[in-house]
Amino acid sequence: MQRTELADSTVRATARQETNPDDPRMWVWVAASVWTDRMLAALGNGVKGGKWHSLIDKVYAPQTLWAAWQRVAANQGAAGIDRMSIERFEANAECYLAELGRVLQDGSYQPEPVRRVHIPKGKGQTRPLGIATVKDRVVQTALKLVIEPIFEKEFLPTSFGFRPGRSCKDALRVVDRALKEGYTWVVDADLQSYFDTIPKQSLLALVREKVSDGKVLELLRRFLDQDVMEGMKRWTPVAGTPQGSVISPLMSNLYLHGLDVLLSDADPYARFADDFVVLCRTRQEAEAVLAKIQAWVAQWGLRLHPDKTRVGNCTEKGQGFEFLGYRFEAGRRWVRPKSRKALRDKIREKTGRTRSGSLETIIRELNPILKGWFGYFQQAHRTTFRDVDGYVRRRLRALLRKREKRPGFGRASGDHRRWPNAFFAEHGLFTLHEAYVLASQSR
């Protein structure tokens, strides 16, 4: 079979997930080469003993590994400790995939250590990120293609993060609807270092409740026990799943599924990965929910951040809460300061006063950033967009002043006359305020 034919036959299209797990339309996103109609029927009807057997052959099947490689290639990403890039793997993909299939089949596959890097988190802090080798990412993706539907069937509609057909916007709609219905007391909880503190044995026990294939369980254990390398240091983490790994989001959702069940009959609740909020009508209800959360977190070996976990009335100034990039406070939805700063940093990077390139080129680089940001934050308070527009134009005016060898930062009244707003519009600059006005008219 040719590559293109194999590729077309292995992956079904992705579609929005239905809330009914017995609806066959829910499973259009799964890999068809793995999840045959017979297996999907078993998923809907249940399997004997409630556990799945004989799954490892699905992991090392050539079709599964090829489908996994396609997804890894599409995501790109940096090389791991072996320095093998996506391009280098692609040049000899068939050979590498065949080799992976053999070692997975005979049980000798051993993941390489994860290369740890640190990415900015704000306020001078960083977040650790694990970069696995391309080969390990392919195997993790193959494993995920096989086991994800088993757990996805169990997950509740209150969980939105890293799930097929669900998004941040869906979670935000739950929050909006609850606030409009009078649920204004918020339980704003933060799990401290969640991904790094998940107890491995408890996590594997949850997997064993649905999967009994010993080789699959051993493969997952090896990934959880992957060494980490940072510079010349190498160690084995005693807990957690590496942030950045392919399998980590699924495992993190599985571990918090019990919390979803606990809160399923409570007030409106939305969770995106480890970020979640519960909205209540009264302080007493909110404090009771927080007590339940605290007890569950302690039972399952996790920790709530003492400074970021609280109860508050978000209708009052200063008692708002942040969720998925927004800040909800005093009856309005704002962009949280960290998200605004992240946008300014990107704009600043593209508009340095000494950078080269024509104004048109710079605007072409800015527009996708501005359009993407507006696409997500268009529900924010209207004053947000004028502020961003003004900042972008000031940066561009300062750049133009520099090119004319004049001092200043684009704030002088003469700069506005020389390069008015219309000047930048004529050069094609995307304007957030105008986009907001058009969007408001169409609602």
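Residues numbered from 1 in each chain as written. Predicted model: local features only at pLDDT ≥ 70, side-chain atom pairs only at ≥ 80, totals over all residues. Heavy atoms only, no water.

A. Seen up close, the overall build of the protein chain. Broken down by element type, the protein chain carries 19 helices and eleven strands. Taken over C-alpha atoms, the radius of gyration comes to 25 Å for the protein chain, in line with the 22 Å a tight globule of 443 residues would show. Each principal axis of the C-alpha atoms in the protein chain carries an extent, and together these give about 75 × 60 × 45 Å. Long-range contacts, defined here as pairs at least 24 residues apart, represent 69% of the contacts in the protein chain between residues at least 6 apart. Accessible surface for the protein chain amounts to roughly 22,000 Å². Of this, 50% is attributable to carbon and sulfur atoms. (Helix = DSSP H or I, 4+ residues; strand = E, 2+ residues; numbered from the N terminus. Rg over C-alpha atoms; globule rule 2.2 N^0.38 Å. Contact = heavy atoms within 4.5 Å. Areas by Shrake-Rupley, 256 points an atom, 1.4 Å probe, with all protein chains shown as cover.)

B. Representation of helix H13 (residues 283-299) within the structure. Compared with the 24 Å implied by 1.5 Å per residue over 17 residues, the 24 Å span of H13 between its first and last C-alpha is a close match. Those residues of H13 lying buried are Ala286, Val289, Leu290, Ile293, Trp296 and Val297. Here the buried residues of H13 occupy an arc of 125 degrees about the axis, which is enough to place them on one side. Seen from the open side of H13, the exposed residues pointing more than 90 degrees away from its buried face are Gln284, Ala298 and Gln299. Check the buried side of H13 and you find it contacts strand S3 (185-190), helix H12 (248-262), strand S7 (275-280) and strand S8 (310-313). Phi turns positive one or two residues past the end of H13, at glycine 301, with a value near 75 degrees. (Expected span 1.5 Å × (residues − 1). Buried < 20%, exposed > 50% of the residue type's maximum accessible area, 1.4 Å probe, protein only. Arc of directions from axis to C-beta.)

C. Representation of the sheet that holds S8 within the structure. Reading across the sheet, the four strands line up as S6-S7-S3-S8 and stay open at both edges, with antiparallel pairing between neighbours. Pairing within the sheet leaves two strands with one partner each, and these edge strands are strand S6 (269-272) and S8. Geometrically, the sheet is characterised by an average inter-axis angle of 20 degrees between neighbouring strands, direction not taken into account. Alignment of S6 against S7, held across four bridges, turns out to be antiparallel. Counted as the bridge partner of arginine 271 is phenylalanine 276 from S7. Packing against the sheet, H12 makes contact with S6 and S7, and its axis sits at approximately 170 degrees to S6. (Pairing = 2+ DSSP bridges. Axes fitted to C-alpha atoms, helices over the stretch in contact; angles between N-to-C directions.)

D. Focus on the sheet that holds strand S11 (residues 332-335). The antiparallel open sheet is built from three strands, whose spatial order is S9-S10-S11. For this open sheet the edge positions go to strand S9 (321-323) and S11, each flanked by a neighbour on one side alone. Across this sheet, the average inter-strand angle for adjacent strands is 30 degrees, counted without regard to direction. Both strand S10 (residues 326-329) and S11 contribute to a ladder of four bridges, which runs antiparallel. The residue of S11 that forms the bridge with arginine 327 is tryptophan 334.

E. Structural context of the environment of aspartate 227. The topology assignment puts aspartate 227 in the loop between helix H11 (214-224) and strand S4 (228-230). Once the C-alpha coordinates of aspartate 227 and glycine 80 are considered, the two residues, 147 residues apart in sequence, prove to be 12 Å apart. Apart from residues no more than four positions distant in its own chain, aspartate 227 is found in contact with Pro113, Val114, Arg234, Trp235 and Thr236.

F. View of the packing of helix H10 (residues 200-208) against H12. Contact pair H10 / H12: the axes reach a minimum separation of 10 Å and the direction vectors enclose 85 degrees. One finds that H10 runs roughly perpendicular with respect to H12. Of the residues in H12, those in contact with Ser202, Leu203, Leu206 and Val207 of H10 are Met251, Leu254 and Tyr255. Along the lines of polarity and charge, the residues of the contact of H10 with H12 split into six nonpolar, one polar and no charged. (Parallel < 35°, antiparallel > 145°, perpendicular 65-115°, else oblique. Nonpolar A, V, L, I, M, F, W, Y, C, P; charged D, E, K, R; others polar.)

G. Fine view of the environment of lysine 371. For lysine 371, the location among the structural elements is in helix H15 (residues 359-377). Sequence-wise, lysine 371 and threonine 431 are 60 residues apart; in three dimensions their C-alpha atoms are separated by 8.7 Å.

H. Fine view of the pattern of salt bridges. The final tally for this structure, using the stated rule, is 23 salt bridges. Note that arginine 327 and glutamate 322 form a salt bridge whose closest N and O atoms lie 3.9 Å from each other. Note that aspartate 415 and arginine 401 form a salt bridge whose closest N and O atoms lie 2.7 Å from each other. With aspartate 415 in helix H17 (residues 413-418) and arginine 401 in helix H16 (residues 383-403), this pair connects stretches of sequence that are 14 residues apart. Overlapping salt bridges, with partners in common, bring together Lys200, Glu218, Arg221, Arg222 and Asp225 in one network. (Salt bridge = Lys/Arg side-chain N within 4 Å of Asp/Glu carboxyl O.)

I. Focus on the confidence of the model for the protein chain. Per-residue confidence for the protein chain gives a mean pLDDT of 89, with 92% of residues at or over 70. A low-confidence stretch, residues 1-19 stays under pLDDT 50, and its non-local contacts, those more than four residues away or across chains, total 45 contacts. (pLDDT = per-residue confidence, 0-100.)

J. Region of interest: the packing of aromatic side chains. Within the structure shown, the criterion is met by 20 aromatic pairs. Between tyrosine 255 and tryptophan 300, the aromatic rings sit 5.6 Å apart at their centres with planes inclined by 85 degrees, giving edge-to-face as the arrangement. Separated by 45 residues along the polypeptide, tyrosine 255 in helix H12 and tryptophan 300 in the loop between H13 and S8 bring together distant segments of the chain. Taking the relative accessible area as the measure of exposure, tyrosine 255 reaches 1% and is therefore buried. Three or more aromatic residues joined by ring pairs form one cluster here, namely Phe321, Tyr326, Phe328, Trp373, Tyr376 and Phe377. The ring of tyrosine 326 has arginine 333 lying over it, and the distance from NZ or CZ to the ring centre is 4.3 Å. (Phe/Tyr/Trp six-rings, centres within 6.5 Å; stacked < 30°, edge-to-face > 60°. Lys NZ or Arg CZ within 6 Å of the ring centre and 35° of its normal.)

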